[in-house]
Amino acid sequence: MKQITTLLVCLLLPLLMGCNIHNDNPYEPINQHLNTAQYGIYDGYWSINGVKSDTTSLYAGVPINIGSLPHRPLLSLQLKGDSLQNATTSIRAGGFSLHYYSNGISSTSYYFMAEPQTDYAQIQLNGINHILKSSFSKPSIVIYNEDTQTIVVSLVLLSMELQKTIQTEEGEYKEIVTPLIQESIKLVYTGKKRK
């Protein structure tokens, strides 16, 4: 139901905001991505269910690349006790990438749909290595405001799980998966273009 609601919002948002998704000139294509003047580094922060969290940077180009997801704050919502105090996170090179395409234009903003990929990060809890797998609702929303030179990325985190491999007494390897999220979490990145 939440995926359907997200999809409806993504499809109807440009119409409700008075956007023009039609091109009056059939020989002039609608730009499918940000234009090169909008490319660059944006400094900003994540919000988790409306609460400001980690800061990170975003590179706007094709695709959009966000420095990192707020793994530690997300884990703190799920894990209690000492296990998180000494947690270390290793993010894969390249950050979190979003492929996107145009969905509408208004007088001040560009609206895009994005296809978030499943994210994997390495994390160490209590001296044991884990893989943190995060899966997102598709599609997600990206909005660029021309007046303020800000970009907003809205994601819905559907599932998050810890995966670890242990060796049994018989010497065999076994994967253990621990689901962490009981309900979806809204993640919003807000960034302003670096001068």
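Parameters and conventions
Residues numbered from 1 in each chain as written. Predicted model: local features only at pLDDT ≥ 70, side-chain atom pairs only at ≥ 80, totals over all residues. Heavy atoms only, no water. Phe/Tyr/Trp six-rings, centres within 6.5 Å; stacked < 30°, edge-to-face > 60°. Helix = DSSP H or I, 4+ residues; strand = E, 2+ residues; numbered from the N terminus. Buried < 20%, exposed > 50% of the residue type's maximum accessible area, 1.4 Å probe, protein only. Pairing = 2+ DSSP bridges. pLDDT = per-residue confidence, 0-100. Contact = heavy atoms within 4.5 Å.

*Asks:* Requested: an account of the packing of aromatic side chains, with residues and values cited.
*Replies:* Taken as a whole and assessed by the stated rule, the structure comprises 5 aromatic pairs. Ring plane angle 50° and centroid distance 5.3 Å describe the contact between Phe96 and Phe136, whose orientation is recorded as tilted. With Phe96 in strand 5 (residues 96-105) and Phe136 in strand 8 (residues 128-136), this residue pair connects regions lying 40 residues apart in the sequence. Considered together, Phe96 and Phe136 belong to a single accessibility category, that of buried residues.

*Asks:* Account for the pairing of strand 8, with residues named and values stated.
*Replies:* In the sheet, strand 7 (residues 119-125) pairs with strand 8 via 7 bridges, with the strands oriented antiparallel. By the bridge assignment, Asp119 is partnered in strand 8 with Ser134. Hairpin connection of strand 7 to strand 8: 2 residues between the antiparallel strands, including Asn126 at a positive phi of 50°. Where strand 8 and strand 10 (residues 150-167) come together, 6 bridges link them in antiparallel fashion. Paired with Ser135 across the bridge in strand 10 is Ser159.

*Asks:* Tell me about the confidence of the model for the chain, and please be specific about residues and values.
*Replies:* In the predicted model, the chain carries a mean pLDDT of 78, and 75% of its residues have values of at least 70. Element-level pLDDT for the chain is lowest in helix 1 (residues 2-16), with a mean of 44, against a maximum mean of 95 in strand 12 (residues 185-193). Predicted confidence is poor over residues 4-30, with pLDDT under 50, and the contacts of this stretch with residues over four places away or in other chains come to 38 contacts.

*Asks:* Describe the environment of Glu183, with residues and values.
*Replies:* Considering the arrangement of structural elements, one finds Glu183 in the loop between strand 11 (173-179) and strand 12. With 25 residues separating them along the chain, Glu183 and Leu158 place their C-alpha atoms 7.1 Å apart.

*Asks:* Can you explain the environment of Ala114? Please cite residues and give values.
*Replies:* Looking at where Ala114 falls in the secondary structure, it is placed in strand 6 (residues 109-116). Of the residues examined, Ala114 reaches a relative accessible area of 0% and is grouped as buried. Non-local contacts of Ala114, meaning those with residues more than four positions away in its chain, are made with Leu98, His99, Tyr100, Pro139, Ser140 and Val142.

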